[in-house]
Amino acid sequence: EVGPSVLVRTLTFSNRADLDDRQDADGIKTTPVGGGHIVGELYPAALVGMKGAVAGLGLIGEYDQSANFNVQSRLDEPGAPGDGAVTQHAVVQKRWDVGVRYRHVFGSSATAPSVAVSASYGRRVFEIDRAGLLGGDLAPSVDYRTISPGLAFRLPLGTRLALSAGGRGMLI
């Protein structure tokens, strides 16, 4: 599958009481940002004609990256040079996962429903370019490594269309 994606990033932080306003990390919420998304599944045993449970073992991969966008930083230090100045900072926002999946198909027709369980390893990146940073209210960048267990259900509605539902956890 290849197509567009829309991501919104929300980060919140708990700050220590002994930090002054200049040291507190403020939260951040981006506006919806468009990007590109690609995901694929491969079932090698099924491709070579094997039947039974082994045919349901597969590999999965996914990649998503937002188009270029910026966040703002504002220097909020009374009396400092540039107080109230706003600067724009480029952001890289992307995620990827690779893993294994077991798919059980209920029947042998092309329109048989299926259920799948998966486990994948991945990375989530939200990186702010801090060049020219004046200080102030800019949230920190994040770079998480994750393990994601998942469960999905697929119900074909003919040979060209299917209804899919699923969910994944994210263990950091």
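A. Region of the structure containing the overall build of the protein chain. Within the protein chain, the secondary structure is distributed over 1 helix and 10 strands. Beginning at the N terminus, the succession of helices and strands in the protein chain can be written as β-β-β-β-α-β-β-β-β-β-β. For the protein chain, buried positions account for 27% of its 172 residues. Relative to all contacts within the protein chain whose residues are 6 or more apart in sequence, the contacts with residues 24 or more apart total 58%. Looking at the protein chain as shown, the accessible area adds up to about 10900 Å², and 58% of this sits on carbon and sulfur atoms.

B. Molecular detail of the packing of aromatic side chains. Summed over all chains, the structure comprises 1 aromatic pair. For Arg103, the ring lying beneath its charged end belongs to Tyr43, and the centroid distance is 3.8 Å.

C. Fine view of the confidence of the model for the protein chain. Put simply, the protein chain has an average pLDDT of 82, and 77% of its residues get 70 or more. Mean pLDDT across the secondary structure elements of the protein chain bottoms out at strand β3 (residues 28-29), with 67, and peaks at strand β5 (residues 57-66), with 95.

D. The arrangement of the layout of surface pockets in detail. The computed volume of the largest pocket comes to approximately 1200 Å³. Lining the largest pocket are 42 residues, with Glu41, Tyr43, Arg101, Arg103 and Arg154 sitting closest to its centre. For the lining of the largest pocket, the elements supplying multiple residues, two or more each, are β4 (33-42), β5, β7 (86-105), β8 (114-128), β9 (142-156) and β10 (162-168). Looking at which element gives the most residues to the lining of the largest pocket, the answer is β7, with 7 residues. Looking at side-chain class alone, the lining of the largest pocket contains 17 nonpolar, 16 polar and 9 charged residues.

E. Up close: the side chain of Gln93. Residue placement: Gln93 occurs in strand β7. Its relative accessible area of 5% is what places Gln93 among the buried residues. Within the local environment of Gln93, its side chain forms a polar contact with the side chain of Ser66, the two groups lying 2.9 Å apart. Each residue touching Gln93, except ones within four places of it in the same chain, is listed here: Leu7, Arg9, Asp64, Gln65, Ser66, Phe69, Val125 and Phe126.

F. Structural view of the pattern of salt bridges. Applying the stated criterion to the full structure yields 8 salt bridges. With a shortest N-O distance of 2.9 Å, Arg168 and Glu62 are connected by a salt bridge. Taken together, the positions of Arg168 in strand β10 and Glu62 in strand β5 put the pair 106 residues apart, joining distant regions of the chain. Judged by relative accessible area, Glu62 falls into the buried class, the value being 14%.

G. Molecular detail of the nonpolar core. Val33, Phe69, Val71, Val91, Phe126, Ile128 and Val142 form the largest nonpolar core, which has 7 residues in total. For this core, the secondary structure elements donating two or more residues are β6 (69-74) and β8. Residue contacts for Val142: discarding those within four places in its chain leaves Arg9, Arg124, Val125 and Phe126.

H. Representation of the environment of Leu59 in the model. Examined against the element boundaries, Leu59 turns out to sit in strand β5. By relative accessible area, which is 46% here, Leu59 ends up partly exposed. Put simply, Leu59 and Ala119 are 60 residues apart on the chain and 9.8 Å apart in space, counted from C-alpha to C-alpha. For Leu59, the residues in contact, after removing those within four places along its chain, are Gly40, Glu41, Leu42, Gly99 and Val100.

Basis of the calculations
Residues numbered from 1 in each chain as written. Predicted model: local features only at pLDDT ≥ 70, side-chain atom pairs only at ≥ 80, totals over all residues. Heavy atoms only, no water. Helix = DSSP H or I, 4+ residues; strand = E, 2+ residues; numbered from the N terminus. Buried < 20%, exposed > 50% of the residue type's maximum accessible area, 1.4 Å probe, protein only. Contact = heavy atoms within 4.5 Å. Areas by Shrake-Rupley, 256 points an atom, 1.4 Å probe, with all protein chains shown as cover. Phe/Tyr/Trp six-rings, centres within 6.5 Å; stacked < 30°, edge-to-face > 60°. Lys NZ or Arg CZ within 6 Å of the ring centre and 35° of its normal. pLDDT = per-residue confidence, 0-100. 1 Å grid on protein atoms, 1.4 Å probe; cavity = no way out; pocket = protein on both sides within 12 Å on 5 of 7 lines; lining within 4 Å. Points joined across faces, edges and corners; volume = space filled by probe spheres on them. Nonpolar A, V, L, I, M, F, W, Y, C, P; charged D, E, K, R; others polar. Polar contact = N/O pair within 3.5 Å; in protein donor to acceptor, adjacent residues only side chain to side chain. Salt bridge = Lys/Arg side-chain N within 4 Å of Asp/Glu carboxyl O. Core = buried A, V, L, I, M, F, W, Y, C linked by side-chain atoms within 4.5 Å.

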